[in-house]
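# Remarks on the overall topology
The primary structure of each chain is shown beneath.
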Amino acid sequence: MQPRPPAVLALAPWARDGAFPPDVMGRLTRLVNVHPGPSITSFEQPDAGEALGRAEILISGWGCPRIDASVLDRAPKLRACIHAAGTVKKHLDPVVFERGITVSSAAAANAVPVAEYTLAALILGAKQTFARARVYADNPAQFAAAARADTGLMGCTVGVVGASRIGRLVLDRLRTFDVTALVHDPYLSPRDARRLGADLVDLDALCRRSDLVTVHAPALPETRHLIDGHRLGLLRDGAVLINTARGVLVDTDALTRHCKDGRISAVLDVTDPEPLPTDHPLLRMHNVFVTPHIAGAQGRELRRLGEFATAEVGRLLRGEPLLGAVQVHQLTVGA
């Protein structure tokens, strides 16, 4: 029987406890010899040097320090970084790939709760739930107020900006609803869009035609303020903008202006800046619902990330392809 390769966990204690509850940790320790003690949150902590010196596999997550050349110099045996969270952009320097280290991310697992949050936001947004709840809280006499004729998800046109992992999951879930789906993605073909159950359109047309727009594009220099004042102005009266991707994709100042008079609404799980200043007008508008970046895995959902990472370790040790494999070029795209 082959000895279990040494592994070290580098993530915040809450992320370790959530992603690797006892049963999942038990599965992991049957595959690898996990360095004892608390997980590493700083590569300068006393036991980090010994752990890195022995480690063949590093299992990271939220709270992991950045892994650069100086860290790798202390980890001569390291052959794989398995990330039990979403993007690895903030955690891995490109030198990791240059040294031939295998990288995997649980981004596909983390996409599931984001898609679920988005679907909930679409349903509740189409009902004008958030604005009507605030109006009701201010004046309970509004309880019996009639809904607008365009209320409800049925018959809506939903525009999905970005055929990312999350965007595709959202489109898949929309198949069960009586809606028309549009998608914009410069790398998607009309044929692939049809396979996703959507019509491929340019972004201006998507904004002009959609009752609800949900953003799932990567944050790149060219996508900064992708949803700008011009495109917000194209949204029809009563439209809802949902952003669970990155705050910089939406021009916050322009969004504030367009939401101010109640013409459109917004559901924002991410903002720019993040967090918003406590006196920011978006936080006080009846037609804007802001949550503190909670769409990704939370609480019980974290174990899905640990299960994915543990399964990846198993595939790595068996010499099988990794389902979450990350390549260096993805550091500048969406991984």
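Described below are features of the structure shown in this document. Position labels on residues start from 1 in each chain and follow its written sequence. Local features in this predicted model are restricted to residues of pLDDT 70 or higher, and side-chain atom pairs are both shown and tallied only at a pLDDT of 80 or more, whereas totals for entire chains, interfaces and linings draw on every residue. Side-chain measures here rest on the full set of heavy atoms in the structure, leaving out hydrogens and waters.

Here we come to the pairing of strand β4 (residues 80-83). Relative accessibility under 20% of the residue-type maximum defines a buried residue, over 50% an exposed one, and the middle range a partly exposed one, all with a 1.4 Å probe and only protein chains included. Secondary structure elements follow DSSP: runs of H or I no shorter than four residues count as helices, runs of E no shorter than two count as strands, and numbering proceeds from the N terminus. The alternating pattern of β4 places A80 and I82 on one face and C81 and H83 on the opposite face, and all of these are buried. Two strands pair when backbone bridges link them, and strand β3 (residues 57-60) and β4 are joined in this way by four bridges, in the parallel orientation. The residue of β4 that forms the bridge with L58 is C81. Here β4 runs beside strand β5 (residues 102-105); their pairing, made up of four bridges, is parallel. Residue pairing in the sheet places H83 in a bridge with S105 of β5. Here the rule is simple: two strands pair whenever DSSP picks up at least two bridges between them.

What follows covers the packing of helix α2 (residues 22-31) against helix α13 (residues 302-318). The interhelical angle for the contact between α2 and α13, taken along N-to-C directions, is 15 degrees, at an axis separation of 10 Å. What the angle tells us is that α2 and α13 run roughly parallel. Crossing angle aside, the handedness with which α2 passes α13 is left-handed. Taking contact as the criterion, the partners of D23, V24, R27, L28 and L31 in α2 are, on α13, R303, G306, E307, T310, V313, G314 and L317. Partitioned by chemical class, the residues of the contact of α2 with α13 number five nonpolar, three polar and four charged. Fitted lines through C-alpha atoms serve as axes, helices being fitted only where they are in contact, and the angles separating the N-to-C directions of these axes extend from 0 to 180 degrees. Here the word oblique covers every angle except those under 35 degrees (roughly parallel), over 145 (roughly antiparallel) and from 65 to 115 (roughly perpendicular). Throughout, a crossing is termed right-handed when the near helix is turned clockwise from the far one, and left-handed when it is turned anticlockwise from it by less than a right angle. Note on contacts: a residue pair qualifies if any of its non-hydrogen atoms lie within 4.5 Å across the two residues. Throughout, the ten residues Ala, Val, Leu, Ile, Met, Phe, Trp, Tyr, Cys and Pro are labelled nonpolar, Asp, Glu, Lys and Arg are labelled charged, and all others, Gly among them, are labelled polar.

The next subject is the sheet that holds strand β10 (residues 240-243). Spatially, the seven strands line up as an open sheet ordered β8-β7-β6-β9-β10-β11-β12, and their pairing is parallel. At either margin of the open sheet sits one strand with a lone partner, and together these are β8 (199-200) and β12 (288-290). Bridge count for strand β6 (residues 157-161) against strand β9 (residues 212-215) is four bridges, and the pairing is parallel. The residue of β9 that forms the bridge with V158 is L212. Across the sheet, helix α8 (residues 165-174) is in contact with β6 and β7 (180-184); its angle to β6 comes to roughly 160 degrees.

Turning our attention to the pairing of β3. Residues I57 and I59 of β3 are buried on one face, and the alternating residues L58 and S60, pointing to the opposite face, are buried as well. Pairing between strand β1 (residues 6-10) and β3: four bridges, direction parallel. Note on β3: the bridge partner recorded for A7 is I57.

Attention now moves to α8. In an α-helix, one turn spans 3.6 residues; hence positions three or four apart end up facing the same way. Listing the buried residues of α8 in full gives I166, G167, V170, L171 and L174. In an axial view of α8, the angular spread of the buried residues amounts to 140 degrees, which keeps them on one side of the axis. Turning to α8, the residues buried within the fold contact α6 (107-126), β6 and β7. In this description, the arc belongs to the directions extending from the helix axis to the C-beta atoms.

In this section: the sheet that holds β4. Strand order in the open sheet made by the five strands is β2-β1-β3-β4-β5, with parallel pairing throughout. Both edges of this open sheet fall to β2 (33-34) and β5, since each of them pairs with a single strand only. Two strands pair when backbone bridges link them, and β1 and β2 are joined in this way by two bridges, in the parallel orientation. The residue bridging A7 from the neighbouring strand is V34, located in β2.

Cis geometry is found at the peptide bond from D272 to P273, where omega equals 5 degrees. Note that P273 resides in the loop between β11 (265-268) and β12. The amide bond that connects E274 to the next residue, P275, takes the cis arrangement and shows omega of 0 degrees. Residue placement: P275 occurs in the loop between β11 and β12.

Turning next to the packing of α6 against α8. At a closest axis distance of 8 Å, the pairing of α6 and α8 adopts a crossing angle of 50 degrees. Classified by the angle between their axes, α6 and α8 sit oblique to one another. At the point where α6 passes α8, the crossing takes the right-handed sense. In this structure, α6 contributes A107, A108, A111, V112, V114, A115, E116, T118, L119 and L122 to the contact, and α8 contributes R165, I166, L169, V170, R173 and L174. Broken down by class, the residue content of the contact of α6 with α8 amounts to twelve nonpolar, one polar and three charged.

Turning next to the state of the cysteines. Disulfides are defined as pairs of cysteine sulfur atoms found within 2.5 Å of each other. Applying the stated criterion across every chain yields a total of zero disulfides. The thiol of C81 is unpaired, and the distance to the nearest cysteine sulfur, on C64, comes to 7.9 Å. With a relative accessible area of 1%, C81 lands in the buried category. With no disulfide of its own, C207 lies 13 Å from the sulfur of C259, the closest cysteine sulfur. Note on C207: relative accessible area 1%, which makes it buried.

Turning our attention to the packing of aromatic side chains. Centres within 6.5 Å make a pair out of two Phe, Tyr or Trp rings, where for Trp the six-membered ring is used; the pair is then stacked when the planes are under 30 degrees apart, edge-to-face when over 60, and tilted otherwise. Considering all chains together, one arrives at two aromatic pairs under this definition. With centroids separated by 6.2 Å and ring planes inclined at 15 degrees, the aromatic side chains of W14 and W62 adopt a geometry described as stacked. In this pair, W14 sits in helix α1 (residues 13-19) while W62 sits in the loop between β3 and α4 (69-73), placing the two residues 48 residues apart along the sequence. Between F130 and F289, the aromatic rings sit 4.0 Å apart at their centres with planes inclined by 10 degrees, giving stacked as the arrangement. One end of the pair, F130, is in helix α7 (residues 129-138); the other, F289, is in strand β12, with 159 residues separating them in the sequence. Its relative accessible area of 15% is what places F130 among the buried residues. Overall, F289 belongs to the partly exposed group, its relative accessible area being 28%. Comment: the charge-over-ring label is applied if NZ (Lys) or CZ (Arg) is within 6 Å of the ring centre and within 35 degrees of the ring normal. The positively charged end of R315 is found above the aromatic ring belonging to F308, 6.0 Å away from the centroid.

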